[in-house]
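The lines below spell out each chain.
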Amino acid sequence: MNDSITDLKKSGLDVMRAFAGEEYAVQRAASTNDFNRDLRALSELSMGSVWTRPDLERATRSLVTVGILTALGRSHELSIHMNAALNNGCTPAQLKEVILQAVIYCGFPAANEASRIAEDTFRKRGITF
């Protein structure tokens, strides 16, 4: 593997650790196997090449990601990225606004699911709204 790809993978893992936490990174590494190894490597590469770009702050990228995952109805990833958004400096009020915006373009079912995930995330972190 060439050095630039190795550097991107390392950057991607660093981003993951920063926003998902060390526990997530350890669990992810422990559950990597021959089946999912290549997919995870692609994930690390993409995170290293996109999340480290200079023109959007990580908090803004997190808000965009929460909106996209809400629209796609990807609950598992949305749960991870709700935590990531908070770790990246987003406020519960900002996350609420993204969910309200999603009502217009994604519909109530998607926004209701995102709201449920947000409230569950806040509760687990001891955040009151």
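Residues numbered from 1 in each chain as written. Predicted model: local features only at pLDDT ≥ 70, side-chain atom pairs only at ≥ 80, totals over all residues. Heavy atoms only, no water.

**What to know about the pattern of salt bridges**
The full count for this structure, using the stated rule, is eight salt bridges. One salt bridge in this structure joins Glu113 and Arg116, with 2.7 Å as the shortest N-O distance. One end of the pair, Glu113, and the other, Arg116, are both in helix 7 (residues 108–124), three residues apart, so they sit about a helical turn from each other. The structure contains a network of salt bridges with shared partners spanning Lys9, Arg28 and Glu44. (Salt bridge = Lys/Arg side-chain N within 4 Å of Asp/Glu carboxyl O. Helix = DSSP H or I, 4+ residues; strand = E, 2+ residues; numbered from the N terminus.)

**Overview of the environment of Phe108**
Within the secondary structure, Phe108 sits in helix 7. Between the alpha carbons of Phe108 and Val64 there is a distance of 18 Å; along the sequence they are 44 residues apart.

**Section: the layout of surface pockets**
If you roll a probe as big as a water molecule over the atoms, it shows you where there is empty space left. Estimates place the volume of the largest pocket at around 570 Å³. Surrounding the largest pocket, 18 residues form its lining, Tyr24, Ser43, Glu77, Ile80 and His81 being those nearest its centre. Elements with a contribution of two residues or more to the lining of the largest pocket: helix 1 (3–20), helix 2 (22–30), helix 3 (37–50), helix 4 (58–72) and helix 5 (75–87). Counted by class, the lining of the largest pocket contains eight nonpolar, six polar and four charged residues. There is about 270 Å³ of room inside the second largest pocket. Lining the second largest pocket, in full, are Ala20, Gly21, Glu23, Tyr24, Gln27, Ser79, Ile80, Asn83, Asp120, Thr121, Lys124 and Arg125. Listed by contribution, the elements that provide at least two residues to the lining of the second largest pocket are helix 2, helix 5 and helix 7. Considered class by class, the residues forming the lining of the second largest pocket number three nonpolar, five polar and four charged. (1 Å grid on protein atoms, 1.4 Å probe; cavity = no way out; pocket = protein on both sides within 12 Å on 5 of 7 lines; lining within 4 Å. Points joined across faces, edges and corners; volume = space filled by probe spheres on them. Nonpolar A, V, L, I, M, F, W, Y, C, P; charged D, E, K, R; others polar.)

**Some thoughts on the side chain of Asn88**
Here Asn88 is to be found in the loop between helix 5 and helix 6 (92–106). When its relative accessible area of 15% is taken as the criterion, Asn88 is described as buried. With residues near it in sequence (within four places) discarded, Asn88 still touches Phe19, Trp51, Arg58, Ala59 and Ser62. (Buried < 20%, exposed > 50% of the residue type's maximum accessible area, 1.4 Å probe, protein only. Contact = heavy atoms within 4.5 Å.)

**Overview of the packing of aromatic side chains**
Ring pairs (aromatic) are described by centroid distance and by the angle formed between their planes. Inspection of every chain in the model, using the stated rule, returns one aromatic pair. With centroids separated by 5.0 Å and ring planes inclined at 50 degrees, the aromatic side chains of Phe19 and Trp51 adopt a geometry described as tilted. You can see Phe19 sitting in helix 1 and its partner Trp51 sitting in the loop between helix 3 and helix 4, a full 32 residues away along the chain. Note on accessibility: Phe19 and Trp51 belong to one class, buried. (Phe/Tyr/Trp six-rings, centres within 6.5 Å; stacked < 30°, edge-to-face > 60°.)

Interpretation in functional terms is not warranted from these geometric data alone.
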